[in-house]
Amino acid sequence: VVTRRPELIPGVAAVAVFLFWATAQGGVMATDSYPGALFLLGVLCATLYAFRARLPRLPLLALAAIALLGAFALWSYLSIVWADDQGAAWDGANRCLLYLTAFVIFTLPPWAPRTAAALLGLYAVGIGVIGGTVLLEAADSANPLQYFIAGRFAEPTGYHNANAALFTSAIFPAIFLASRQEAPWPARGLMLALAGVPFQLALMPQSRGWLIAAPLAALAYIAFVPGLVRSLIMVGPLAVVVALTANPILNVFDAVDNAAALGPALDSARDATLIGAVVLFLTGSLIGFLDHHLDLPEHAARVGSRAVLGVAGVIALAGAVVAIGVIGNPIGWAGDRWDDFKSGEFEHEFEGSRLSQGLGSN
């Protein structure tokens, strides 16, 4: 496989580094980040040599992106000259170089659809396994508080907002792979389950930044990723399972102040996550099996697609109506939340879900 698809070598190497960083506090420490970055720099050099003939044939947009990101990295290094804190500027410039390195590693090789799908699946599986393992360890720990910062689930990255971002990064690739007709039906079930587990884990830290960023990411997915109807078919059961399991997931935050209640709350969150994963695996596998074996006439498929879009539109409209009923004037509500965000005020004590509070932050 590697001989026929040589792009797998740099791709798997890069994903392996990303997964290692996920387990090592997000790679925030220099002793973790710099060895990984230097390794990726070596991978980039090998990739440039192996695929050197392809570089001039890259699409103009890709070449422009590489050039602009490279110029930004160069500017970052130049900023060391006038920076007040040259050490911080050096570290930031190295990070820009890392972003450029990773971008070129994945942009330069000619990716076949199956190979790219396999790599996306590897990342989704890796993040799902890492997150699920940490949750199981926390539920079985004699001191579960070590997994929390300021009452919020913070492992494996060591920071609650980073946790939400890390797990969200696996949700969309998993949904995409679960919705592909050409994927084997058991793999589609697995991917749908792996969309559910990170979704539940992304909810647990109750990051209000995530509450803003995740819908924007969803809109980007809708706008740029093909196969919207198939994705919506998979998102339906995912949304139902997440809604039904949200309470035990969110209740972990409320139980942190009570040592006796935290263990049972984590047990409930673990059980809800595992049950949700099983349900999503079975549902995704069934949808995939039917999708693969049912050969609908073109007219019926077109009517079905319109029906799915219509149902999605009705649900979105109903959600908007309910939201307006809860928050009142949406313009006034948005203005109040913007004032919260600008104020810099940060409340350490909450009643109920942190996600329902304002947007004030430190």
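S.K.: Could you give me a rundown of the overall build of the protein, with the residues and numbers involved?
M.R.: Each helix and strand in the protein was counted, giving 12 helices and two strands. Counting from the amino terminus, helix and strand elements in the protein follow one another as α-α-α-α-α-β-β-α-α-α-α-α-α-α. Relative to its 362 residues, the protein shows a buried fraction of 39%. Within the protein, contacts between residues separated by at least 24 positions form 71% of all contacts whose residues are at least 6 apart in sequence. Carbon and sulfur atoms provide 71% of the accessible area of the protein, an area that totals close to 19,700 Å².

S.K.: Go over a nonpolar patch on the surface, please, and point to the residues and values.
M.R.: A surface patch of nonpolar side chains, about 600 Å² in accessible area, is lined by Leu 74, Trp 75, Leu 78, Val 81 and Trp 82. Its location among the elements puts Trp 82 in the loop between α3 (60-78) and α4 (86-107).

S.K.: So what's going on with the environment of Leu 194? Which residues, and what values?
M.R.: Within the fold, Leu 194 resides in helix α7 (residues 185-203). A C-alpha to C-alpha distance of 6.7 Å links Leu 194 and Ala 124, two positions 70 residues apart in sequence. Residue contacts for Leu 194: discarding those within four places in its chain leaves Ala 124, Val 125, Gly 128 and Ala 174.

S.K.: Go over the packing of helix α1 (residues 8-23) against helix α5 (residues 113-140), please, and point to the residues and values.
M.R.: At a minimum axis separation of 10 Å, α1 and α5 run at an interaxial angle of 15°. Taken together, the axes of α1 and α5 lie roughly parallel to each other. Seen from above, α1 lies across α5 with right-handed handedness. Counted together, Leu 8, Gly 11, Val 12, Val 15, Phe 18, Leu 19, Ala 22 and Thr 23 of α1 and Thr 115, Leu 119, Leu 122, Tyr 123, Gly 126, Ile 127 and Ile 130 of α5 form the full contact between these two elements. Of the residues in the contact of α1 with α5, the class split is 11 nonpolar, four polar and no charged.

S.K.: Quick one: what's the story with the nonpolar core, residue by residue and with numbers?
M.R.: The biggest cluster of nonpolar side chains holds 51 residues, and the ones touching the most others in it are Ile 127, Phe 148, Val 252 and Leu 266. For this core, the secondary-structure elements that each account for two or more residues are α1, α5, α6 (160-178), α7, α8 (208-224), α9 (228-255) and α10 (259-293). Among residues more than four places away in sequence, those in contact with Val 252 are Phe 148, Met 204, Leu 262, Ala 265, Leu 266 and Ala 269.

S.K.: An account of the environment of Ala 154 is needed here, citing residue identities and associated values.
M.R.: Residue placement: Ala 154 occurs in the loop between β2 (152-153) and α6. Residues Ala 154 and Ala 164, 10 residues apart in the sequence, show an inter-C-alpha distance of 8.9 Å. Ignoring sequence-local partners within four residues, the contact set of Ala 154 consists of Tyr 147, Phe 148, Ile 149, Tyr 159, His 160 and Asn 163.

S.K.: Help me get a handle on the packing of aromatic side chains, residues and values and all.
M.R.: Enumeration according to the criterion identifies nine aromatic pairs in this entry. By way of ring pairs, the aromatic residues Phe 18, Trp 21, Phe 106 and Trp 111 are connected into one cluster.

Conventions used here
- Residues numbered from 1 in each chain as written.
- Predicted model: local features only at pLDDT ≥ 70, side-chain atom pairs only at ≥ 80, totals over all residues.
- Heavy atoms only, no water.
- Helix = DSSP H or I, 4+ residues; strand = E, 2+ residues; numbered from the N terminus.
- Buried < 20%, exposed > 50% of the residue type's maximum accessible area, 1.4 Å probe, protein only.
- Contact = heavy atoms within 4.5 Å.
- Areas by Shrake-Rupley, 256 points an atom, 1.4 Å probe, with all protein chains shown as cover.
- Patch = residues over 30% accessible without salt bridge, like charges linked within 9 Å, V, L, I, M, F, W, Y side chains within 5 Å.
- Salt bridge = Lys/Arg side-chain N within 4 Å of Asp/Glu carboxyl O.
- Axes fitted to C-alpha atoms, helices over the stretch in contact; angles between N-to-C directions.
- Parallel < 35°, antiparallel > 145°, perpendicular 65-115°, else oblique.
- Left-handed = near helix turned anticlockwise from the far one by under 90°.
- Nonpolar A, V, L, I, M, F, W, Y, C, P; charged D, E, K, R; others polar.
- Core = buried A, V, L, I, M, F, W, Y, C linked by side-chain atoms within 4.5 Å.
- Phe/Tyr/Trp six-rings, centres within 6.5 Å; stacked < 30°, edge-to-face > 60°.

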